[in-house]
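Structural overview
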Amino acid sequence: GAVVSQHPSRVICKSGTSVKIECRSLDFQATTMFWYRQFPKQSLMLMATSNEGSKATYEQGVEKDKFLINHASLTLSTLTVTSAHPEDSSFYICSARDPQRGGYEQYFGPGTRLTVT
Amino acid sequence: AQTVTQSQPEMSVQEAETVTLSCTYDTSESDYYLFWYKQPPSRQMILVIRQEAYKQQNATENRFSVNFQKAAKSFSLKISDSQLGDAAMYFCAYAEWAGNQFYFGTGTSLTVIP
């Protein structure tokens with residue numbers, strides 16, 4: 001149980017275009033999902049927290065107009081990188097909490113590798 | 001913000017031996033959660049073990065156990081009988097009792113030598 005999927009696993013896009021990454025909780029309802037960015041050999045950096053039906057909360061320094069987050073349902077959150085540039089190339093990971101399980105562990109998706117050319 | 005420190009960027013262990021990964025954290029809270037996550041080359045984050053701060057007993061999961069020292073704000077992970085599949089990046093994480101956010105350490109890269 002507590003499976004989180006991400007799609008796509010890898011994406012290559014051209015500079016100036018937008019790309020959408022989906023994060024789904026497959027066997028539970030996630031009122032809260034999280035989006036992280038990870039650079040090679042570094043830790044996870046929290047970008048934003050998304051709550052179903054409300055606006056996402058962005059961490060300091062994260063451009064909310066560039067990284068659009070939508071948590072439209074209890075099982076789906078999306079991250080759209082708008083007008084992507086090569087510096088946006090990174091590994092993006094989503095996670096979700098399952099409030100029914102108690103505790104506060106986060107269940108992580110397998111990640112999406114974004115390459116902007 | 002809370003801080004989580006992993007002072008060992010890299011560690012290595014012989015197969016079948018035991019290794020301990022260190023983690024310290026800073027908090028003024030009395031109730032919180034602590035976790036160890038494993039990130040293998042696939043980069044999928046996998047929960048290894050968790051500890052609730054109110055529990056005095058150290059958590060164990062098969063070959064994985066922790067040494068939780070609340071007063072010292074220390075939370076080390078011991079891996080016994082190390083296996084090749086244990087090779088990964090290990091992240092220590094802190095979560096507030098009533099909050100959402102996780103605070104991750106910088107990670108320890110574990111190599112298992114055959």
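The structure reproduced in this document is the subject of the present report. Since this is a predicted model, take the numbers as computed values, not measurements.

What follows deals with the pairing of strand β5 (residues 32-39) of chain B. Residues and elements named next belong to chain B. The element β5 is largely enclosed, with a buried count of 8 among its 8 residues. Across 8 bridges, β5 lies against strand β10 (residues 88-96) in antiparallel orientation. Across the sheet, F35 pairs through a bridge with A93, a residue of β10. Across 6 bridges, β5 lies against strand β6 (residues 46-52) in antiparallel orientation. Considered in β6, the bridge of W36 is made with I49. Turn length for the β5-β6 hairpin, with the two strands adjacent in sequence and antiparallel, is 6 residues, and the turn residue R43 shows positive phi of about 75°.

Here the focus is the environment of V4 of chain A. Residues and elements named next belong to chain A. Position of V4 among the secondary structure elements: in strand β1 (residues 4-7). Exposure remark for V4: the relative accessible area of 6% places this residue in the buried category. Along the sequence, V4 and A30 sit 26 residues apart, while their C-alpha atoms lie 9.8 Å from each other. Here V4 is in contact with C23, R24, F28, C94, A96, Y107, F108, G109 and P110, once residues within four sequence places are set aside.

Residue and element names in this part refer to chain A. Sheet architecture is open: 4 strands sit in the order β1-β3-β8-β7, paired in antiparallel fashion. Each having just a single partner strand, β1 and β7 (67-73) make up the two edges of the open sheet. Going across the sheet, the axis of each strand differs from the next one's by a mean of 15°, ignoring polarity. Sheet topology note: the β1/strand β3 (residues 19-25) ladder contains 4 bridges and is antiparallel. In the strand pairing of β3, Q6 is matched with C23.

Here the focus is unusual backbone geometry. The amide bond that connects H7 of chain A to the next residue, P8 of chain A, takes the cis arrangement and shows omega of 0°. Within the secondary structure, P8 of chain A is located in the loop between β1 and β2 (10-13). Even without being glycine, D81 of chain B reaches a positive phi, approximately 50°. Following the sequence through the fold, D81 of chain B ends up in the loop between β9 (74-79) and β10.

Another aspect to go through is the pattern of salt bridges. Residues and elements named next belong to chain B. Counted according to the given criterion, the structure contains 6 salt bridges over all chains. Of the charged contacts, one joins R50 and E52 as a salt bridge, the two residues approaching to 2.8 Å between their closest N and O atoms. Judged by its relative accessible area of 8%, E52 is buried. With a closest N to O distance of 2.8 Å, R63 and D86 form a salt bridge. Taken as a pair, R63 in the loop between β7 (60-61) and β8 (64-69) and D86 in the loop between β9 and β10 lie far apart in primary sequence, 23 residues in all. In the salt-bridge network here, residues are joined through shared partners; they are R50, E52 and K55.

Basis of the calculations
- Residues numbered from 1 in each chain as written.
- Chains lettered and ligands numbered in written order.
- Predicted model: local features only at pLDDT ≥ 70, side-chain atom pairs only at ≥ 80, totals over all residues.
- Heavy atoms only, no water.
- Buried < 20%, exposed > 50% of the residue type's maximum accessible area, 1.4 Å probe, protein only.
- Helix = DSSP H or I, 4+ residues; strand = E, 2+ residues; numbered from the N terminus.
- Pairing = 2+ DSSP bridges.
- Contact = heavy atoms within 4.5 Å.
- Axes fitted to C-alpha atoms, helices over the stretch in contact; angles between N-to-C directions.
- Salt bridge = Lys/Arg side-chain N within 4 Å of Asp/Glu carboxyl O.

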